[in-house]
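# Chains, contacts and geometry: an overview
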Amino acid sequence: SSYLDAIGAANPALNAYVAVTGEQALDKAKASDAKLAVGEAGTLEGIPLGVKDLFATKGVHTQAASHILDGFKPEYESSVTANLWRDGALMLGKLNMDEFAMGSSNETSYYGPVVSPFRAEGSNANLVPGGSSGGSAAAVSAWLCAGATATDTGGSIRQPAAFTGTVGMKPTYGRCSRWGTVAFASSLDQAGPITRTVEDAAMLMTSMSGFDPKDSTSVDIAVPDFAAAIERGVKGLTIGVPREYRMDGMPQEIETLWQQGIEWLKAEGATFQDISLPHTKYALPAYYIVAPAEASSNLARYDGVKYGLRVSGKDITDMYELTRAAGFGREVKRRIMIGTYVLSAGYYDAYYLQAQKVRTLIKRDFEEAFNSGVDTILTPATPSAAFGIGDEAMAADPVKMYLNDVFTVTVNMAGLPGIAVPAGKDGKGLPLGLQLIGKPFDEETLFAAGRVIE
Ligand code: GLN
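As the structure is a computational prediction, the values presented were derived from the model and not from experiment. (Residues numbered from 1 in each chain as written. Predicted model: local features only at pLDDT ≥ 70, side-chain atom pairs only at ≥ 80, totals over all residues.)

## Details of the overall build of the chain
The secondary structure content of the chain amounts to 15 helices and eleven strands. Whereas a compact globule of 454 residues would reach a radius of gyration of roughly 22 Å, the chain reaches 21 Å, a difference of no more than 12%. Overall size of the chain, expressed as C-alpha extent along the three principal axes, is 65 × 65 × 50 Å. Counting the 454 residues in the chain, one finds 55% classified as buried. Contacts in the chain between residues at least 24 apart in sequence constitute 77% of all its contacts with a sequence separation of at least 6. (Helix = DSSP H or I, 4+ residues; strand = E, 2+ residues; numbered from the N terminus. Rg over C-alpha atoms; globule rule 2.2 N^0.38 Å. Buried ≥ 20, exposed ≤ 12 C-beta atoms within 10 Å, placed from the backbone. Contact = placed C-beta atoms within 7 Å.)

## Things to note about the UniProt feature "active site" (unreviewed entry) in the chain
Here the UniProt feature "active site" (unreviewed entry) sits at Lys52, Ser132 and Ser156. Taking the farthest pair of C-alpha atoms as the criterion, the annotated set spanning 105 residues converges on one region, since that pair is 11.2 Å apart. Along the chain, lysine 52 turns up in strand β2 (residues 48-52). Given 31 C-beta atoms within a 10 Å radius, lysine 52 is considered buried. The contact partners of lysine 52, leaving out residues within four places of it in the chain, are Leu95, Met97, Ser133, Gly135, Ser136, Ala148, Thr149, Ala150 and Thr151. As for its position among the elements, serine 132 is in the loop between β3 (90-95) and α4 (134-141). Classification of serine 132 by C-beta neighbours within 10 Å gives buried; the count is 35. When near neighbours in sequence (up to four residues on either side) are disregarded, serine 132 contacts Met97, Asp98, Ala101, Met102, Gly103, Asn106 and Ser156. (UniProt positions renumbered as here; feature names shortened; annotations may be inferred.)

## Points about the site of the ligand
The ligand sits among 13 residues. The nearest are Ala101, Ser104, Thr153, Gly154 and Ser156. Looking at the shell around the ligand, its residues break down into four nonpolar, seven polar and two charged. (Near = placed C-beta within 6 Å. Nonpolar A, V, L, I, M, F, W, Y, C, P; charged D, E, K, R; others polar.)

## Structural notes on unusual backbone geometry
A cis amide bond links glycine 131 with the next residue in sequence, serine 132, at an omega value of 10 degrees. The phi torsion at asparagine 15 lies on the positive side, around 60 degrees, for a residue other than glycine. Structurally, asparagine 15 is set in the loop between α1 (2-14) and β1 (17-20). For alanine 65, which is not glycine, the phi torsion reads 50 degrees and is therefore positive. The residue alanine 65 is located in the loop between β2 and α3 (79-86) in this model. Residue alanine 65 is classed as buried on the basis of its 31 C-beta neighbours within 10 Å.

## Remarks on the pairing of strand β9 (residues 376-380)
Among the five residues of β9, five are classified as buried, and the element is accordingly described as predominantly covered. Sheet analysis places strand β7 (residues 238-242) next to β9, joined by two bridges and oriented parallel. In the sheet register, glycine 240 faces β9, and the bridge partner there is isoleucine 377. Where β9 meets strand β11 (residues 431-438), five bridges bridge the pair, whose relative direction is antiparallel. Paired with proline 380 across the strands is leucine 434, a residue of β11. (Pairing = 2+ DSSP bridges.)

## Regarding the nonpolar core
Counting residues in each nonpolar core, the largest one holds 130 residues, and the members touching the most others are Leu49, Ala139, Cys145, Tyr287 and Ala449. Ignoring any residue separated from it by four or fewer positions in sequence, one finds tyrosine 287 in contact with Gly154, Val409 and Met413. (Core = buried A, V, L, I, M, F, W, Y, C linked by C-beta atoms within 7 Å.)

## A few points about the sheet that holds β1
Pairing is mixed in the open sheet, where eleven strands are placed in the order β1-β3-β2-β4-β6-β5-β10-β11-β9-β7-β8. At either end of the open sheet lies a strand with only one pairing partner, and these are β1 and β8 (271-275). Each strand of the sheet is rotated relative to its neighbour by a mean of 30 degrees, with strand direction disregarded. One ladder, built from six bridges, connects strand β4 (residues 147-152) with strand β6 (residues 190-195); its direction is antiparallel. Directly across from glycine 147, in β6, lies its bridge partner threonine 195. (Axes fitted to C-alpha atoms, helices over the stretch in contact; angles between N-to-C directions.)

## Description of helix α6 (residues 198-208)
Counting buried positions along α6 gives nine out of eleven residues, so the element sits mostly inside the fold. Those residues of α6 that fall on the buried side of the exposure criterion are Val198, Ala201, Ala202, Met203, Leu204, Met205, Thr206, Ser207 and Met208. Tucked into the core, α6 has its buried residues touching α3, β4, β5 (167-170), β6, β10 (418-425) and α15 (443-453). Phi turns positive one or two residues past the end of α6, at glycine 210, with a value near 130 degrees.

## Considering the environment of glycine 154
Residue placement: glycine 154 occurs in the loop between β4 and α5 (158-164). Residue glycine 154 is classed as buried on the basis of its C-beta count, with 31 C-beta atoms lying within 10 Å. With 253 residues separating them along the chain, glycine 154 and phenylalanine 407 place their C-alpha atoms 9.3 Å apart. The contacts of glycine 154, once residues within four sequence positions are left out, are Leu188, Tyr287, Ala291, Asp405, Thr408, Val409 and Asn412.

Rendered as structure tokens:
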């Protein structure tokens, strides 16, 4: 009840929830009370969570914050949310996001932007919570849920976590089932939690993970009890610092934060090693070819026939066109056009194939670093703190917005796990985060090292 009251009070200003399922939540909470009373509680019994609008939730609003899915209520539940409900967690409602998870500011949502609960000192201007999981990050940091599900294709869990002083974990590709999660770029998409603490993230991660025969890219590997790893510490670990992440023009406060993180981990017994990830500078351009290419294919299913919105036309082609024109927002249309272009005959070799080759080189960079004895890699999570809603420079030039993902996309391109942990504040009191990148399926080391930083 207290979470629902908090949502009622704060959501009109924050716009973090796009649907609240209060009655179901209270019914489920009562059922959880009954289970707790007889000692039959699940590991997450009665824990109230928010769910990103990208996850299919049976009978409940699921629109990926897009107009084209107007009125869509799936007949099925995503595997990730089903896992959470199996362990006793309950849903407070669906959370706002960038349309189809395309964005870094939550401004591309059909439901309008999410407002960050944070303000720069001495200013009243509204800031973005980051994106695409902006609703998840804002809701967690404003105490409108105990934790939230989110997804990360190029940084959408870690960047909003960094902007809102929360913890965000993107697990190894294949750790969580993608079944029932609206697809953006299938070879990059992964679900994960946004929470207030590393321990909470570990608990949710344990529940969300696991092999699922319904997702052919889900990996059949044992899921450890991640929460048991958080007190392991970092003694004896070797942590890599990639020199290519020291970008030109990076604000001094990000540099200082990074150095601070190194000191904290050193004090707990970690040793540091300079490493090189030479293809880093190609990651962002390659990502913005691969992700739109996959998106253009995935989004072809929204044609006005099977789901949501339909705008009638004089014939079926006309109906497709009118539906898509009305149903997709600007950024989604831009991605579909880019994706279709880079996949088209004559350009496929020059762009898509080339980007896939770059992707392999990025993956190899990480493999070499880990083979050289590094256990995990420490970087900033974002190149800056949160910016203002309606930032003119970013609105005028989408590439400026894409630069937000410079430290996070490499991780998705290589399929690795990454965690963003709150590490400090900038000069105006805004949260900043550090990122730890791990070996495939070694999320445990990230939880252990993240715990030292938080
Ligand atoms: N900001 C990136 C994009 O717009 C990443 C989004 C995501 O991780 N879903 O594509």
